[in-house]
Amino acid sequence: MAGVYRGMVDDGQVLIDNSGADLWVVQQGTLGPYAEPSSIRDDVWRGIAGIHGVAETGNAAYLTMQIKQGGHEARVMVVGIEVDRPGRPGAPPYLTFGRPILQGHYEAIADEKTGLKLGERVRIRRHEYVVVGLTRRMVSSSGDPMIFVPLKDAQEIQFLKDNDALINERARTAANPAFNRPGVPGLLEAAQASATQARNVNAVLVRLAPDVDPDTVAGEIRRWKRLTAYTRAQMEDILVAKLIATSAKQIGMFLVILSVVTAAIVAFIIYTMTLAKVREIAVLKLIGAKNRTIAAMILQQALGLGLIGFLVGRVAAGLWGPAFPKYVLLVPGDALRGFAIVMAICALASLVAIRAALRIDPAEAIGG
Amino acid sequence: MASDDTPAIRLAGLRKRYGTGDAAVDALKGVDMTVHAGEVVGLIGPSGSGKTTLLKCLGAVIEPTGGRMELAGEAIYDAERGGWQVGDLRALRRDRIGFVFQAPYLIPFLDVTDNVALLPMLAGVANGAARKRALALLTALDVAHRAGAQVSQLSGGEQQRVAIARALANRAPVILADEPTAPLDSERALTVVRILNEMAVQYRTAIIVVTHDEKIIPTFRRIYHIRDGVTHEEAGEGRPV
Ligand SMILES: Nc1ncnc2c1ncn2[C@@H]1O[C@H](COP(=O)(O)OP(=O)(O)OP(=O)(O)O)[C@@H](O)[C@H]1O
Ligand SMILES: [Mg+2]
């Protein structure tokens, strides 16, 4: 369980690290681009690039969607990145196979977890993309593998409407007297052209020059550009503390129930074992064993049971962890804490049995 | 100080009444009994006569309601002086009384040696010394070759011998045996009786054997018959085994 939580935290961490950004510039007042929707114009980067300390900027568009691939559906996060020159923030930092995206259209880099192969064609909405590169551990904050495509394509996927909707929208605009004024030629066309353009992105990723304080630059952007900017630390806080907080609570509750069930089972087993040995315990008391000695024996049995259970669980987690749909990160510290908790639960569970054992009358040992 | 002819066990007018009022049952109505060190006596009687009740009183797990009980001349129970004369009954059982039961009732997760060594350890004897004593007893009882085995791997007869070793482990001057031969065939039952006789002589132990077992009754030199809570002493055949 802790491994599942750690995996989620790690997913968020990796998302931040692998984006190669120092600042995230998003729509004013939003927690974007991962935790909340954010939409900004794709030319705001010009203003940002001019700020002192900014080394490189990159527009990025994110959208989670379902793709059909080899007959089955997969949930992926499509990431639009700028591909005009290498090293733009947002692009995957390393490839396991293939090459970066070189063309402005219809090429893709996929995370290995999507199951896509090099050279394979994948259909996303209206177009087919060729997988030219593969990368690893590039997942969204909810664990969906990423597919990188050129920004222009991603904008189209995200913001362009389908043909029916376009016709519909045009008719609507034409029927609106504000846009279709008699005596103003060209106004309707201009309005319609602006409506069909996809000129938005979700965030601008900013890489800073070395030795520049991210907070200063972020403050600058906030003050002058009417945008919200997050530093790495703030982004971590958003992803770890806010985005997965509910999941963490969910896992926590699950852990509590699991602990209670475990305690009940251990208590039941130890209790049954004790009742099956009433005669032996009575004999122990008869021949002069202290209550403390008997309690210690039962406790020892319970802890032994707990140890076995823990080892089985740990091995099972190690073996099956990779089969989990989301990343599971097993940390020795968690294992240690888990062990302590299991032992505590077993000790607690043995109390019922110890109580029962202490009530056994030594006289029961004699006679049949 | 107890001289040589001070009996190891002496009961005088011992009574036990279960319950009160209309529901009261007088299980023991004045039992007199004397057993000397190195002696094995039989205690026989029909069902419901009070045998188990007597053993429980002797074993200090239930309190008599009248009479007097002495171990090696020391009053353990005296109704006229307010009941138990010993503060720590648990220590009394541990140090001065050994028990052998119908079934061995060995502790399942301890090995044979530890089952025997457990008693001296409970009494505060050091680990090594306790195990050494246990091994000596197991040798005397001819089960030393199984000393490291788990108790569940022993035969019934072997388990019963380990149980006798346990009863002897604290050099208790008194051993109470409650139908110790009931689950054994006649040959092994006689072996157990022979062992008890040998141990009684070797360790100067007074042994009371409660039994129904026709096979072993002829071996006792002295027998106490108990009926309706009253005992009668009688000479046994004392057949050698
Ligand atoms: N806890 C008790 N409460 C009330 N009466 C009891 C109790 N234990 C024994 N008795 C009664 O005391 C009498 C003697 O019982 P005891 O168990 O000593 O007989 P016993 O000689 O051991 O019989 P058996 O050979 O069948 O084991 C019986 O009438 C029995 O019903
Ligand atoms: Mg009985």
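Just so it is clear, the structure is predicted and the values come from calculations on it, not from any experiment.

## Some words on the overall build of chain B
Here's step 1: When helices and strands are tallied, chain B shows six helices and 11 strands.
Here's step 2: The burial tally for chain B puts 54% of its 241 residues in the buried class.
Here's step 3: Within chain B, contacts between residues separated by at least 24 positions form 67% of all contacts whose residues are at least 6 apart in sequence.
Here's step 4: Counting every atom, chain B has about 10400 Å² of accessible surface; 48% of that belongs to carbon and sulfur.

## So, the packing of helix 1 (residues 2-19) of chain A against helix 7 (residues 232-243) of chain A
All names here are of chain A.
Here's step 1: Two elements in contact, helix 1 and helix 7, have axes separated by 9 Å at closest approach and are oriented at 150°. With respect to their mutual orientation, helix 1 and helix 7 come out roughly antiparallel. As for the relative orientation of helix 1 and helix 7, their crossing is right-handed in sense. Two secondary-structure elements touch here, helix 1 through Val 9, Gly 12, Gln 13, Leu 15, Ile 16 and Asp 17 and helix 7 through Arg 232, Met 235, Glu 236, Leu 239 and Val 240.
Here's step 2: Of the residues belonging to the contact of helix 1 with helix 7, the class tally is six nonpolar, two polar and three charged.

## Section: the packing of helix 1 of chain A against helix 8 (residues 245-276) of chain A
All names here are of chain A.
Here's step 1: One can describe the packing of helix 1 onto helix 8 by two numbers: an axis separation of 10 Å at closest approach and a directional angle of 170°. On the basis of their axis angle, the class for helix 1 and helix 8 is roughly antiparallel. Mapping the contact onto sequence places Val 4, Tyr 5 and Met 8 in helix 1 and Ser 247, Ala 248 and Ile 251 in helix 8.
Here's step 2: In the contact of helix 1 with helix 8, the residues fall into five nonpolar, one polar and no charged.

## With respect to the pairing of strand 7 (residues 97-100) of chain B
All names here are of chain B.
Here's step 1: Residues Ile 97 and Phe 99 line one face of strand 7 and the alternating positions Gly 98 and Val 100 line the opposite face, and both faces are buried.
Here's step 2: Of the pairings in the sheet, the one linking strand 7 to strand 8 (residues 174-178) comprises four bridges and is parallel in character. Bridge pairing in strand 8 places Val 100 opposite Ala 177.

## A look at the sheet that holds strand 5 (residues 74-78) of chain B
Within a sheet, each strand pairs with its neighbour through backbone hydrogen bonds, oriented either parallel or antiparallel.
All names here are of chain B.
Here's step 1: Taken in spatial order, the five strands of this open sheet run 2-1-4-5-6, and their pairing is antiparallel. Lying at the two open borders of the sheet, with one neighbouring strand each, are strand 2 (25-35) and strand 6 (83-84).
Here's step 2: Sheet topology note: the strand 4 (residues 66-71)/strand 5 ladder contains four bridges and is antiparallel. If you follow Glu 70 over to strand 5, its bridge partner there is Ala 75.
Here's step 3: Strand contacts of helix 1 (residues 51-58): strand 1 (9-18), strand 2, strand 4 and strand 6, with the helix running at about 115° to strand 1, the strand carrying the most contacts.
Here's step 4: Where helix 2 (residues 89-96) meets the sheet, its contacts fall on strand 4, strand 5 and strand 6, and the angle it forms with strand 5 comes to roughly 135°.

## Some details on the sheet that holds strand 11 (residues 230-235) of chain B
Residue and element names in this part refer to chain B.
Here's step 1: Read from one edge to the other, the open sheet built from six strands follows the order 7-8-9-3-10-11, with strand pairing classed as mixed. With one partner strand each, in any of the chains shown, strand 7 and strand 11 form the two edges of the open sheet. Averaged over all adjacent pairs, the angle separating strand axes in this sheet is 20°, with direction ignored.
Here's step 2: Set on the sheet, helix 5 (residues 156-168) makes contact with strand 7 and strand 8; between it and strand 7 the angle comes to about 170°.

Calculation rules
- Residues numbered from 1 in each chain as written.
- Chains lettered and ligands numbered in written order.
- Predicted model: local features only at pLDDT ≥ 70, side-chain atom pairs only at ≥ 80, totals over all residues.
- Heavy atoms only, no water.
- Helix = DSSP H or I, 4+ residues; strand = E, 2+ residues; numbered from the N terminus.
- Buried < 20%, exposed > 50% of the residue type's maximum accessible area, 1.4 Å probe, protein only.
- Contact = heavy atoms within 4.5 Å.
- Areas by Shrake-Rupley, 256 points an atom, 1.4 Å probe, with all protein chains shown as cover.
- Axes fitted to C-alpha atoms, helices over the stretch in contact; angles between N-to-C directions.
- Parallel < 35°, antiparallel > 145°, perpendicular 65-115°, else oblique.
- Left-handed = near helix turned anticlockwise from the far one by under 90°.
- Nonpolar A, V, L, I, M, F, W, Y, C, P; charged D, E, K, R; others polar.
- Pairing = 2+ DSSP bridges.

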